[in-house]
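Single-letter residue listing:
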Amino acid sequence: MAAYVVFIRQAMKDADEFALYAEKARAARGDHQITPLAFYGELEVLEGPPAEGVVVLQFPSMEAAHAWYDSPAYQEAKAHRLKGADYRVLLVQGL
């Protein structure tokens with residue numbers, strides 16, 4: 001069953017760190033089956049706190065999403081994301 005990782009960027013803190021994150025996150029894709037469904041496109045907040053950007057990634061399963069997210073390559077990238085911006089990250093199972 002498909003699963004989705006949703007990244008909600010709430011505030012940029014350090015553009016240089018975020019640029020390092022973007023570079024390392026691309027490399028962390030490896031051979032993981034990831035389908036980008038939304039990638040920092042135009043957004044409108046209908047409820048809740050403001051957001052600067054949203055990314056939605058589709059994976060074949062919750063396990064596949066964890067395999068990518070928990071991988072050493074993504075964890076290295078994540079360290080730069082945490083320095084570069086404030087995010088909420090959700091993993092949700094599809095129907």
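Residues numbered from 1 in each chain as written. Predicted model: local features only at pLDDT ≥ 70, side-chain atom pairs only at ≥ 80, totals over all residues. Heavy atoms only, no water.

Notes on the nonpolar core
For clarity, the cut-off: In this text, buried Ala, Val, Leu, Ile, Met, Phe, Trp, Tyr and Cys residues form a nonpolar core when linked through side-chain atoms within 4.5 Å. We call a residue buried when its accessible area falls under 20% of the maximum for its residue type, exposed when it is over 50%, and partly exposed in between, using a 1.4 Å probe and counting protein chains only. Where helices and strands are cited, they refer to DSSP runs of H or I of at least four residues and of E of at least two residues respectively, numbered from the N terminus. Only heavy atoms enter the contact rule, under which two residues are in contact if any of them lie within 4.5 Å.
Ranked by internal contacts, the top residues of the largest apolar core, which has 16 residues, are Val5, Phe7, Tyr21, Leu57, Phe59, Trp68 and Tyr74. The set of elements that each furnish at least two residues to this core consists of strand S1 (3–12), helix H1 (15–28), strand S3 (53–59), helix H2 (62–69), helix H3 (72–84) and strand S4 (85–93). Sorting elements by how many residues they give to this core places H1 first, with four residues. The residues contacting tyrosine 21, other than those within four sequence positions of it, are Phe7, Tyr74, Ala77, Lys78, His80 and Arg81.

Observations concerning the packing of aromatic side chains
Convention followed: The rule is short: rings of Phe, Tyr and Trp, with Trp giving its six-membered ring, pair when the centres are within 6.5 Å, and they are stacked under 30 degrees, edge-to-face over 60, tilted in between. Only lysine NZ and arginine CZ atoms are considered, and such an atom sits over a ring when it is within 6 Å of the ring centre and within 35 degrees of the ring normal.
Overall, the coordinates contain eleven aromatic pairs when judged by the stated rule. Relative to tyrosine 40, the ring of phenylalanine 39 lies with its centre 5.2 Å away and its plane at 80 degrees, an arrangement referred to as edge-to-face. In this structure an aromatic cluster arises from ring pairing among Phe7, Phe18, Tyr21, Phe59, Trp68, Tyr69, Tyr74 and Tyr87. Across the ring face of phenylalanine 18, the terminal group of arginine 9 is positioned such that the distance to the ring centre comes to 5.3 Å. If you follow arginine 81 out to its NZ or CZ, it ends over the ring of tyrosine 21, 5.8 Å from the centre.

A short note on the pattern of salt bridges
Rule in force here: Here a salt bridge means any side-chain nitrogen of Lys or Arg lying within 4 Å of a carboxyl oxygen belonging to Asp or Glu.
Scanning the entire structure with this criterion turns up three salt bridges. Taking the shortest distance from any N to any O, the salt bridge between lysine 13 and aspartate 86 comes out at 3.3 Å. Of this pair, lysine 13 sits in the loop between S1 and H1 while aspartate 86 sits in strand S4, placing them 73 residues apart in sequence. The partly exposed category is assigned to lysine 13, whose relative accessible area is 49%.

Some thoughts on H1
Formally: Helix span is expected to be 1.5 Å times the residue number reduced by one. In this description, one arc is meant: the one made by directions from the helix axis to the C-beta atoms.
Over its 14 residues, H1 runs 20 Å from end to end, which matches the ideal 20 Å to within 8%, given 1.5 Å per residue. Along H1, the residues classified as buried are Glu17, Phe18, Tyr21, Ala25 and Ala28. End-on view of H1: buried residues confined to an arc of 95 degrees, all on one side of the axis. Of the exposed residues in H1, those oriented more than 90 degrees away from the buried face are Ala15, Asp16, Arg26 and Ala27. One or two positions beyond H1, positive phi appears at glycine 30, with a value near 50 degrees.

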